[in-house]
Amino acid sequence: MDTTIDFRSDTVTQPTAAMRQAMAGAKVGDDVYGDDPCVNELELRAAKILGQEAGLFVTSGTQGNLLAILTHCQRGEEYIAGMRSHAYLEEAGGGAVLASVQPQPIENQADGTLDLEAVQAAIKPDDFHLAITKLFCLENTFLGTPLTEDYLQNACSLARKNGLNLHLDGARLFNAAVKTGVPAREIAGQFDSVSACLSKGLGSPIGSILAGSTQFIAKARRWRKMLGGGTRQAGILAAAGIYALDHHIDRLAVDHELAQMLANELEQIQEINVEPAALRTNMVFISVPPSAIDQLSGFMRARGIILTVEGNPIRLVTHLNVDEKAITKTVHQFKEFFLQHQAA
Ligand SMILES: *Cc1c(COP(=O)(O)O)cnc(C)c1O
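The rules behind the values
Residue indices follow the written sequence of each chain, beginning from 1 at its first position. This being a predicted model, a pLDDT of at least 70 is required before a residue's local features are given, and a value of 80 or more before pairs of side-chain atoms are given or counted; all residues contribute to the totals for chains, interfaces and linings. Based on all heavy atoms of the structure, the side-chain values leave hydrogens and waters out of the count. Comment: elements are numbered from the N terminus, with helices defined as DSSP H or I runs of at least four residues and strands as E runs of at least two. The reference for a compact globule is 2.2 Å times residues^0.38; the radius of gyration itself is calculated from the C-alpha atoms. Note on classification: 1.4 Å probe, protein chains only; a residue is buried when its accessible area is under 20% of the maximum for its type, exposed when over 50%, partly exposed between these limits. Any two residues whose heavy atoms approach within 4.5 Å at even a single point are treated as in contact. Values of accessible area rely on a 1.4 Å probe in the Shrake-Rupley scheme; residue burial ignores everything except the protein chains shown. Charge counting treats Lys and Arg as positive and Asp and Glu as negative, with His and both chain ends excluded. One atom stands in for each charge, and that atom is NZ of Lys, CZ of Arg, CG of Asp or CD of Glu. Only buried Ala, Val, Leu, Ile, Met, Phe, Trp, Tyr and Cys residues count toward a nonpolar core, and they belong to the same one when joined by side-chain atoms within 4.5 Å. Here a residue is considered near a molecule or strand provided that any single heavy atom belonging to it is located within 4 Å of it. For the purposes of these results, a polar contact is taken to be a pair of N or O atoms within 3.5 Å, where, inside protein, one atom must be able to donate a hydrogen and its partner to accept one; residues adjacent in sequence count only when each atom of the pair is a side-chain atom. In the scheme used here, Gly and all other residues not listed as nonpolar or charged are polar, with Ala, Val, Leu, Ile, Met, Phe, Trp, Tyr, Cys and Pro taken as nonpolar and Asp, Glu, Lys and Arg as charged. In this description, a line fitted to the C-alpha atoms serves as the axis of each element, helices being fitted only across the stretch in contact, and the angle between N-to-C directions of two axes falls anywhere from 0 to 180 degrees. Crossings are sorted by hand: turned counterclockwise from the far helix by less than a right angle, the near helix makes the crossing left-handed, and turned clockwise it makes it right-handed. Where each domain starts and ends follows an automatic or database-derived domain assignment. Two parts placed together each lose some accessible area under a 1.4 Å probe, and adding up what both lose gives the buried area. What counts as a salt bridge is simple: a side-chain nitrogen of Lys or Arg found within 4 Å of a carboxyl oxygen of Asp or Glu. Pairs of strands are assigned from DSSP output, requiring at least two bridges between the strands. Working rule for angles: under 35 degrees goes down as roughly parallel, over 145 as roughly antiparallel, 65 to 115 as roughly perpendicular, anything else as oblique.

## A few points about the overall build of the chain
Link 1 in the chain: A tally of helices and strands in the chain yields 14 helices and 12 strands.
Link 2 in the chain: Taken against the 2.2 N^0.38 rule, which gives 20 Å for 344 residues, the C-alpha radius of gyration of the chain at 21 Å falls within 12% of a compact globule.
Link 3 in the chain: Referenced to the eigenvectors of the C-alpha coordinate spread, the extents of the chain come out at roughly 65 × 50 × 35 Å.
Link 4 in the chain: Among the 344 residues that make up the chain, the fraction classed as buried is 53%.
Link 5 in the chain: Pairs at least 24 apart in sequence give 75% of the contacts found in the chain among residues at least 6 apart.
Link 6 in the chain: With an accessible surface of roughly 15,800 Å², the chain has 51% of that area assigned to carbon and sulfur atoms.
Link 7 in the chain: Within the chain, one finds 29 positive and 39 negative side-chain charges whose respective centroids are separated by 6 Å.

Below is the structure:
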């Protein structure tokens, strides 16, 4: 039994025995022919949960966001997204490269949101010198923080007023829904499209769902085929997704409690500064003295705790394979580290 505690991301989870069983027993067909019963069921059910007409099983969140850009926009148009958002920063420039759609990044505010006046100001007038602003992308949760209902409403009305399409990068939408108590279908139903990861907190090995109107998904399906994302007996993977929707949404509350517990306990350590979070889901951001940065990750790894330490802040993410014992052990090892670090 692997007892490593891995805080790098909620993408590192191992499929549970029950999920593997669901995968092994899955009835499958050729999804490019539309024949795979598990994929069809997953797409239908996920669309419903996301408050949309239709769904598309995609290989990753990155593919979901790229398909949204390809489907909403034409060559020469542009999409607005946060400067630190995944859809702008961390998808290898796919919108620009593969869709010929230019990003219009907007500085994220301290709380991660985009100032809606800045968004309004970035929407370009109808002038042939300028790209055509077509799409507004939001991310929820952003760095572990859910968007508030008020903010969502204002962002949506801004998009409507300006004739923009609205896409939600909901990689961790279910964390937001569980934390705020607002159903995912209410949050995501306000958008023209949404992509949500099955492979993060929900614990599937692979996959995301892109959801939107029937017409939108029909177009996105063609783009997915063009990108080489049409897959065959994908029901093996979709079965994991169905299992995750049934069994791994409500339990996200446990991840959130453990993250809060980790934050509370690390805060007691003098050398650690924990970034406050009004609505904490499954992430904790901490800062440590710069002199500790070099040794921290190696010290922890030698004790079976994996962290990404590239500088401050350091992100710790809780998930299906982190339990209360793991939190206790981790806090203990942080204390040990700083005892030794001081002595050195
Ligand atoms: C992880 C993530 C994605 C992309 O998901 P992949 O499946 O890793 O491609 C998109 N957006 C956000 C906010 C994410 O955290």
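## Digging into the nonpolar core
Burial of nonpolar side chains together is a common tendency in soluble globular proteins.
Link 1 in the chain: Formed by 52 residues in total, the largest nonpolar core has its most connected members in L50, F136, L138 and F174.
Link 2 in the chain: Looking at this core, the element that brings in the most residues is helix α11 (residues 235–247), giving seven residues.
Link 3 in the chain: The residues contacting F174, other than those within four sequence positions of it, are I49, L50, A184, A196, L202, L245, I249 and L252.

## Examining the site of the ligand
Link 1 in the chain: Surrounding the ligand, one finds S60, G61, T62, N65, H86, E91, E139, D169, A171, R172, C197 and K200.
Link 2 in the chain: One of the backbone nitrogen or oxygen atoms of G61 is found 2.8 Å away from an oxygen atom of the ligand.
Link 3 in the chain: A distance of 2.6 Å separates an oxygen atom of the ligand from a polar side-chain atom of T62.
Link 4 in the chain: Per-element tally for the shell around the ligand: the top contributor is helix α3 (residues 61–72), with three residues.
Link 5 in the chain: Each residue belonging to the shell around the ligand can be placed in one class, and the counts come to two nonpolar, five polar and five charged.

## Here we look at the packing of helix α2 (residues 37–49) against α11
Link 1 in the chain: Running from amino to carboxyl end, α2 crosses α11 at an angle of 35°, the nearest separation of the two axes being 8 Å. Here the hand of the crossing between α2 and α11 comes out left-handed. Together, C38, V39, E41, L42, R45, A46 and I49 of α2 and G235, A238, A239, G241, I242, L245 and D246 of α11 make up the contact between the two elements.
Link 2 in the chain: Partitioning the contact of α2 with α11 into residue classes produces nine nonpolar, two polar and three charged.

## Points about the domain arrangement of the chain
Link 1 in the chain: Assigned domains of the chain: these are domain 1 (15–247) and domain 2 (251–343).
Link 2 in the chain: Between domain 1 and domain 2, the C-alpha centre-to-centre distance is 30 Å.
Link 3 in the chain: Between domain 1 and domain 2, the contact holds 16 residues from the first and 12 residues from the second.
Link 4 in the chain: The contact between domain 1 and domain 2 buries some 1,200 Å² in all, and 65% of this surface belongs to carbon and sulfur atoms.
Link 5 in the chain: Looking at the side of domain 1 facing domain 2, the largest losses of area belong to R172, N175 and K179, adding up to 36% of the total buried there.
Link 6 in the chain: For the interface between domain 1 and domain 2, the tally reads zero salt bridges.
Link 7 in the chain: In this structure, the connection of domain 1 to domain 2 is made through three residue pairs in polar contact (both at pLDDT 80 or more).
Link 8 in the chain: With five residues, the top contributor of residues to the side of domain 1 that touches domain 2 is helix α8 (residues 173–180).

## Let's talk about unusual backbone geometry
One can expect most non-glycine residues to show negative phi and most peptide bonds to be in trans.
Link 1 in the chain: Residue N140 is joined to T141 through a cis peptide bond whose omega torsion reads 0°.
Link 2 in the chain: Relative to the helices and strands, T141 is located in the loop between β5 (132–139) and α7 (149–161).
Link 3 in the chain: Here N312 and P313 are connected by a cis peptide whose omega angle stands at -10°.
Link 4 in the chain: Among the secondary structure elements, P313 is positioned in the loop between β11 (305–306) and β12 (314–317).
Link 5 in the chain: Phi at A92 is positive, roughly 60°, even though this residue is not glycine.
Link 6 in the chain: Unlike most non-glycine residues, L143 shows phi in positive territory, near 45°.
Link 7 in the chain: One can find L143 in the loop between β5 and α7.

## Some thoughts on the sheet that holds β5
Each strand in a sheet pairs with another by means of backbone hydrogen bonds, the pair being arranged parallel or else antiparallel.
Link 1 in the chain: Pairing in this open sheet of seven strands is mixed, and the strands run β2-β8-β7-β6-β5-β3-β4 from one edge to the other. In the strand order of this sheet, the two ends are held by β2 (54–58) and β4 (102–106), each with one partner. For this sheet, the mean inter-axis angle between neighbouring strands, taken without regard to orientation, is 20°.
Link 2 in the chain: Both β5 and strand β6 (residues 165–169) contribute to a ladder of five bridges, which runs parallel. Its bridge partner lying in β6, C137 is registered against H167.
Link 3 in the chain: The strands that α2 touches are β2 and β8 (208–212); relative to β2, the one it contacts most, it runs at about 125°.
Link 4 in the chain: Against the sheet, α3 touches β2, β3 (77–82), β5, β6, β7 (193–197) and β8, its axis set at about 170° to β7.

## Details of the packing of α3 against helix α10 (residues 214–226)
Link 1 in the chain: One can describe the packing of α3 onto α10 by two numbers: an axis separation of 9 Å at closest approach and a directional angle of 115°. Here α3 is positioned roughly perpendicular relative to α10, judged by the angle of their axes. The two elements α3 and α10 meet at a crossing, and its hand is right-handed. Seen from α3, the contacting residues are Q63, L67, A68, L70, T71 and H72; seen from α10, they are F216, K219, A220, W223 and R224.
Link 2 in the chain: Of the residues belonging to the contact of α3 with α10, the class tally is six nonpolar, three polar and two charged.

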